Amino acid sequence: MSDSVEMRRWIGARAGVWRGLVDSVQTMRRDRHASIDQALGALESYRGLARDLATARRVAPDSRTAAGLESLYGQLHALIHRRPRGGFAALLTLLRFDIPAAARELRGRIFGMAALLSVSALAGWWLVSTFPTLISVFASEDMIEKVEQGHLWTEGIINIMPSSLLSIGILANNIMVSILAFCAGIFFGLGTLFLIINNGLMLGAAFAFVYQHKLAGALFEFIIAHGLVELSVICIAGAMGIALGESIIRPAAGTRRDSFEACAHRIAPLLLLCAALLVGCGFIEGFVSPDPIFPAASRVIIGVSYFLVMIGLMSGRLFRRPSA
Amino acid sequence: MTDERISVQSVTGVDLTLRLAGPGTRSYAFIIDWHFRLLLSAAWVLVAVFLLNFKLTFRSQEALFSILPAAAIYFLYHPVLELAMGGRTPGKRMAGVRIVDRQGGTPNTVALLIRNVFRLIDALPTLYVLGLTTCILSVHRVRVGDLAAGTLLVFDDAVAQKSLARIESLAQSSQLPLDILELADQILERWDALQPDSRTAIARSLLARVAPAHTDELASMSDLRLRSALQKLLVAPAAPGSHV
């Protein structure tokens, strides 16, 4: 009945409904607080539109009417399947359940990454201790020159740049490194392994070099306030990257794509926590670490306390509901 | 243009058909967005420096108000707008595409964040080469970020949807076949965007279908008269073979 009287009559009867639906879909997309009646009305319209679309596909498959109905059906489908905005409740769910669940799943891999980072650091230490000239591979000329003159490269940094800007620069860089460690897992985990080993080697090499110039204590004092959490976060991001790589190498369920997607969704909440922790690290590194006003003891207290907060967040204990 | 589609099951029993956007449309949307975020960032810097008199240096505290907001606009443009606009950005809207999850629904916050985090990988080694390559090679024309997030970029045919509002009047005002009416409507809608040679050729071909006896007359009609003849088709009842 491509152009029959019935077709025109059908369009005449339904076009008003479609026109109304186009408007109400736009309204519902803007306003996220639909009443129950509105929601039920949308469901009823969805069913009606499905019938119209089936008819249009059959009688005029390549027509603009069918294309318009397809588009409207798609938008209504997305609208009906839209998840509610969680707000504070969603944040609590994230902190109470999602992050601890991801942390539990990755526990073994986190320890594995910590071990790899430690072994790499030892290797870096051994390399620079045995072949001192190798430090030029790991550190810039400026850094080497300053240490050879008996100063850490971090000394006086707050005289060059305000602490606030220094913090933001540091936290942006650290977040980028963590995200890269996570994302590089897509290369079957090899990208992540490279990043962790590289960071470990640099850390060990830097410590060996400053130890040779009797500055190891000063460097330890500089990094203790922020370093505990910062290095832990690198290990966590590495563990997440390895989990991603593993999901591709040996998919747990379904296809490799399904396994990769499911793994990314399961562990992504932990990446949010890592980013938040690194913001804190950035501020500590910008305001506390380079400032000589803070004695070593207070730096240790800050570092250990922040580490305990991290453990509390990862285990979910900080936000656990008190038992009745 | 490739026209690749996927079907998504729906509770109504009528599958939802999604038309996948390819690398070309993706790039088009990205380039529009890139211009937007670059211009917005530059506008902020100009306002901060020339109107608010902030210094443009990292050695001053004032960089917090001059450089940092501009950097935030540039780097957070995609995640913030995609979250706020339910998988759309101004560039995607102009390119007629939107992000959906694999069930055709609006993607959730985590999916949109994962999608944006993976831009770091998609952008490797430079100019989104890896992302574009993945997009060309993958079945659903997706980049790595979409694979991780479980999202798709699909066409959002808003123009076709607008035609639903006109179909009623078209069906009532003319007795011509509906497919011809729809074609005439589309040609008129895109008249100014089409090349003059192309639009006259299309218009003559369509009018010849309506009035095959007047092909010679159509050949001598000007661009303006052809347009007017098409407009008459949409409003005047016409019997096949009648004068245009």
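Residues numbered from 1 in each chain as written. Chains lettered and ligands numbered in written order. Predicted model: local features only at pLDDT ≥ 70, side-chain atom pairs only at ≥ 80, totals over all residues. Heavy atoms only, no water.

Chemist: Before we move on, can you summarise the confidence of the model for chain B with the specific residues and values?
Modeler: All names here are of chain B. Per-residue pLDDT for chain B has a mean of 88; in total, 95% of the residues score no lower than 70. Under a pLDDT of 50 for its full length, residues 238–244 has, in the predicted model, 16 contacts with residues more than four places off or in other chains. We note a pTM of 0.87 for the whole complex and an ipTM of 0.89 for its interfaces. (pLDDT = per-residue confidence, 0-100. Contact = heavy atoms within 4.5 Å.)

Chemist: I'd like a rundown of the packing of helix α11 (residues 256–288) of chain A against helix α12 (residues 296–315) of chain A, residues and numbers included.
Modeler: Residues and elements named next belong to chain A. At a minimum axis separation of 11 Å, α11 and α12 run at an interaxial angle of 170 degrees. Judged on the interaxial angle alone, α12 and α11 are roughly antiparallel. Listed contacts from α12 to Leu270, Leu273, Ala276, Leu277, Gly280, Cys281, Ile284 and Val288 of α11 are Arg299, Ile302, Tyr306, Met310, Leu313 and Met314. Across the contact of α11 with α12, the residue classes tally to twelve nonpolar, one polar and one charged. (Axes fitted to C-alpha atoms, helices over the stretch in contact; angles between N-to-C directions. Helix = DSSP H or I, 4+ residues; strand = E, 2+ residues; numbered from the N terminus. Parallel < 35°, antiparallel > 145°, perpendicular 65-115°, else oblique. Nonpolar A, V, L, I, M, F, W, Y, C, P; charged D, E, K, R; others polar.)

Chemist: Describe the pattern of salt bridges, and please don't skip the residues or the numbers.
Modeler: Residue and element names in this part refer to chain B. This model, assessed by the stated rule, comprises 21 salt bridges over all chains. A salt bridge links Arg199 to Asp223; the shortest N-O distance between them is 3.0 Å. Of this pair, Arg199 sits in helix α10 (residues 196–210) while Asp223 sits in helix α12 (residues 223–235), placing them 24 residues apart in sequence. We classify Asp223 as partly exposed; its relative accessible area is 24%. Residues joined by salt bridges that share partners form a network here, namely Arg26, Glu82, Lys92, Arg115, Arg119 and Asp146. (Salt bridge = Lys/Arg side-chain N within 4 Å of Asp/Glu carboxyl O. Buried < 20%, exposed > 50% of the residue type's maximum accessible area, 1.4 Å probe, protein only.)

Chemist: Can you explain the environment of Gly74 of chain A? Please cite residues and give values.
Modeler: Inspection of the secondary structure puts Gly74 of chain A in helix α3 (residues 64–80). Looking at Gly74 of chain A, the relative accessible area reads 4%, which means it is buried. The sequence separation of Gly74 of chain A and Tyr46 of chain A amounts to 28 residues, and the corresponding C-alpha distance is 9.8 Å. Residues within four places of Gly74 of chain A in sequence aside, it is in contact with Leu16 and Arg98 of chain B.

Chemist: So what's going on with the side chain of Thr200 of chain B? Which residues, and what values?
Modeler: Here Thr200 of chain B shows up in helix α10. Not counting chain neighbours up to four residues away, the residues in contact with Thr200 of chain B comprise Asp223 and Leu226 of chain B.

Chemist: Let's hear about the interface of chain A and chain B: which residues, and what values?
Modeler: Listed by partner, the interface residues are 59 residues for chain A and 69 residues for chain B. Together chain A and chain B conceal approximately 5100 Å² of surface at their shared face, both sides included; 61% is due to carbon and sulfur atoms. Taken as a group, Arg8, Arg64 and Arg257 of chain A account for 17% of the area that chain A buries against chain B, more than any other trio of residues on that side. Linking chain A to chain B there are four salt bridges. On inspection of chain A and its partner chain B, the count reaches 16 residue pairs in polar contact (both at pLDDT 80 or more). Looking at the side of chain A that touches chain B, the elements that each hand over two or more residues are α1 (5–30), α2 (36–59), α3, α8 (163–183) and α11 of chain A. A total of 13 residues in the side of chain A that touches chain B trace back to one element, the largest contributor, which is α3 of chain A. (Buried area = accessible area lost by both parts, 1.4 Å probe. Polar contact = N/O pair within 3.5 Å; in protein donor to acceptor, adjacent residues only side chain to side chain.)

Chemist: Give a detailed account of helix α4 (residues 88–130) of chain A, specifying residues and quantitative values.
Modeler: For α4 of chain A, which comprises 43 residues, the first-to-last C-alpha distance of 55 Å sits more than 12% below the rise-based estimate of 63 Å (1.5 Å per residue). Most pronounced at Leu106 of chain A, the bend in α4 of chain A amounts to some 60 degrees. (Expected span 1.5 Å × (residues − 1). Bend = angle between axes of the 7 residues up to and from the residue.)

Chemist: How would you sum up the nonpolar core? Please name residues and give values.
Modeler: Within the largest apolar cluster, 111 residues are counted, with the highest numbers of intra-cluster contacts made by Phe182 and Leu270 of chain A together with Phe118 and Leu230 of chain B. It is α11 of chain A that contributes the most residues to this core, 14 residues altogether. A domain-level breakdown of this core finds at least three residues from each of domain 1 (5–156) and domain 2 (159–235) of chain B. Among residues more than four places away in sequence, those in contact with Phe182 of chain A are Thr192, Ala237, Met240, Gly241, Leu244, Ile267 and Leu271 of chain A together with Val117 and Phe118 of chain B. (Core = buried A, V, L, I, M, F, W, Y, C linked by side-chain atoms within 4.5 Å. Domains from an automatic or database assignment.)

Chemist: So what about unusual backbone geometry? Which residues, and what values?
Modeler: The linkage connecting Leu124 of chain B with the following residue, Pro125 of chain B, adopts the cis geometry, with an omega of -15 degrees. Topologically, Pro125 of chain B is positioned in the loop between α5 (119–122) and α6 (129–137).

Chemist: So what about a nonpolar patch on the surface? Which residues, and what values?
Modeler: Residues Phe187, Phe188, Leu190 and Ile249 of chain A together with Leu124 of chain B make up a contiguous nonpolar surface patch of about 480 Å² in total accessible area. Take Leu190 of chain A: it is sitting in helix α9 (residues 190–212). Judged by its relative accessible area of 58%, Leu190 of chain A is exposed. (Patch = residues over 30% accessible without salt bridge, like charges linked within 9 Å, V, L, I, M, F, W, Y side chains within 5 Å. Areas by Shrake-Rupley, 256 points an atom, 1.4 Å probe, with all protein chains shown as cover.)

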